[in-house]
Amino acid sequence: MVNSGGWLEWEAEQARDWISRPQAGDDKYSRGVLGVRTGSKDYPGAAVLGADAAVRTGLGMVRYLGPRRAANLVLQRRPEVVTVPGRVQAWLLGSGINAATRTDAVSTALAEALAEGLPTVLDAGALDLVARAIGPTVITPHAGELATMLANEAKPGSASQIAANAGEWAIRAARLFDVTVLLKGAVTHIASPSGARLTVSTGPAWLATAGSGDVLGGILGALLATHSDQLETDAAALAPLAATAVLLHADAAILASAGGPIAALDIADAVPLAVAALLEHGIDPGQRTTG
Ligand SMILES: NC(=O)C1=CN([C@@H]2O[C@H](COP(=O)(O)OP(=O)(O)OC[C@H]3O[C@@H](n4cnc5c(N)ncnc54)[C@H](OP(=O)(O)O)[C@@H]3O)[C@@H](O)[C@H]2O)[C@@H](O)CC1
Ligand SMILES: Nc1ncnc2c1ncn2[C@@H]1O[C@H](COP(=O)(O)OP(=O)(O)O)[C@@H](O)[C@H]1O
């Protein structure tokens, strides 16, 4: 459905085509490996949330490369995760990292990941490195983070100005930074430099809870890792993949909530059911009234 201003509301019918079903000949590497540099001493939980959500979205493997304590917590929750460096098909960078306090070693590691030119999700404490992103990249700020990114640009905007006119600011940021922008909010807007304009409005307000965005990063990271071949030749695939991640996040929240409150990990737990429902027929629209 096309809304005012030419924004297309992303629906199950379209999203279904952006889930990669494993084939008989697949192995864990051919399905795609997501490298994850997230979490810090202050926010180790974000590492757990993103890695868990990526595994639950379906991919070959997650390589988590972060601080020891965060790695241990990730392994406690998901022993499937590998903490040894190696080849990856996509990166998830920045959730649970503070750009103002991160160490030089972390900055270098983030920059090295970006220099590989692979499909990348840039979140939270890696957003300031957007100019170093040379591969197909989606940035995932909320309004406050986008305000920080724009603070030194010719046309800065406050978080409340951005939230009040999210579509326009998402388009502006996509042009300015030359990346696909996923601007989080009650309605999430996805804009690309080549003109994609997608919205997802179905997320219940229960999603406004700590760590919910970290889960979204993991879902999107998994979708990029499982579509890395396509992304190599077709960066335009980033926008539908980003919108599909947001729709899955919303659907998982609806399933986990059943009309009541949710914790961020509940969303990650419900992602396999949301994927299955999407592949079958989409979430029953009756369940969308729970927000
Ligand atoms: N479990 C984990 O590991 C989690 C880890 N997380 C990670 O945390 C990192 C930071 O991301 P974030 O979006 O939370 O903070 P950020 O963009 O710096 O915005 C701060 C703004 O909020 C405001 N503010 C603060 N308190 C407020 C209050 N009580 N009531 C009202 N306003 C309040 C504050 O305003 P101020 O107090 O300065 O006036 C400021 O404007 C990021 O890396 C993320 O991944 C999160 O996902 C959570 C779970
Ligand atoms: N009122 C709301 N209705 C629907 N979804 C919301 C609402 N508020 C926040 N969200 C969603 O919840 C998530 C919050 O992410 P974020 O702001 O990064 O939080 P955190 O840093 O705690 O993970 C985003 O996906 C956002 O779109």
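Nothing here was measured: the structure is a model prediction, and the numbers come from that model. (Residues numbered from 1 in each chain as written. Chains lettered and ligands numbered in written order. Predicted model: local features only at pLDDT ≥ 70, side-chain atom pairs only at ≥ 80, totals over all residues.)

## With respect to the site of ligand 1
Near ligand 1 there are 15 residues, and of these Y43, G45, A46, A124 and G211 occur at the shortest range. Contributing elements (two or more residues each) for the shell around ligand 1: α3 (44–57), α6 (143–150) and α9 (212–225). Looking at the shell around ligand 1 residue by residue, the classes come out as 5 nonpolar, 8 polar and 2 charged. (Near = placed C-beta within 6 Å. Helix = DSSP H or I, 4+ residues; strand = E, 2+ residues; numbered from the N terminus. Nonpolar A, V, L, I, M, F, W, Y, C, P; charged D, E, K, R; others polar.)

## Some words on α6
Regarding α6, the residues found buried are A143, E145, L146 and L150. Around the axis of α6, the buried residues are gathered within 160 degrees of arc, so they sit on the same side. In this structure, the buried side of α6 is in contact with α7 (159–164), α8 (166–177) and β7 (180–183). (Buried ≥ 20, exposed ≤ 12 C-beta atoms within 10 Å, placed from the backbone. Arc of directions from axis to C-beta. Contact = placed C-beta atoms within 7 Å.)

## Topic: the environment of P85
One can find P85 in the loop between α4 (68–77) and β4 (90–93). Sequence-wise, P85 and D229 are 144 residues apart; in three dimensions their C-alpha atoms are separated by 21 Å.

## Some remarks on the UniProt feature "binding site: AMP" (unreviewed entry) in the chain
In this structure's numbering, the residues bearing the UniProt feature "binding site: AMP" (unreviewed entry) are K184, G185, A186, V187, T188 and G213. Sequence-wise these annotated residues cover 30 residues; spatially they are packed, their C-alpha atoms never more than 13.4 Å apart. Assignment of secondary structure puts V187 in the loop between β7 and β8 (188–191). In this structure V187 comes out as partly exposed when scored by C-beta crowding, with 17 C-beta atoms within 10 Å. Setting aside residues up to four positions removed in sequence, V187 forms contacts with A166, T199 and S201. The residue T188 is located in strand β8 in this model. Ignoring anything within four residues of it in the chain, the contact list for T188 reads L182, L183, T199, V200 and V246. (UniProt positions renumbered as here; feature names shortened; annotations may be inferred.)

## Digging into α3
End to end, α3 covers 21 Å across 14 residues, agreeing with the expected 20 Å (1.5 Å per residue, within 8%). Across the 14 residues of α3, 13 count as buried, placing the element largely inside the fold. One or two residues past the end of α3 sits G58, with phi positive at roughly 100 degrees. (Expected span 1.5 Å × (residues − 1).)

## Let's talk about the UniProt feature "binding site: (6S)-NADPHX" (unreviewed entry) in the chain
The feature "binding site: (6S)-NADPHX" (unreviewed entry), as annotated in UniProt, sits at A46, G96, H142 and D214 in this numbering. Here A46 lies in helix α3. By the C-beta count within 10 Å, which is 29 here, A46 ends up buried. Ignoring sequence-local partners within four residues, the contact set of A46 consists of T38, G39, S95, G96, G211 and D214. Within the fold, D214 resides in helix α9. Assessed through the 30 C-beta atoms surrounding it within 10 Å, D214 is described here as buried. Discounting chain neighbours no more than four positions away, the residues touching D214 are A46, L49, G50, S95, G96 and A264.

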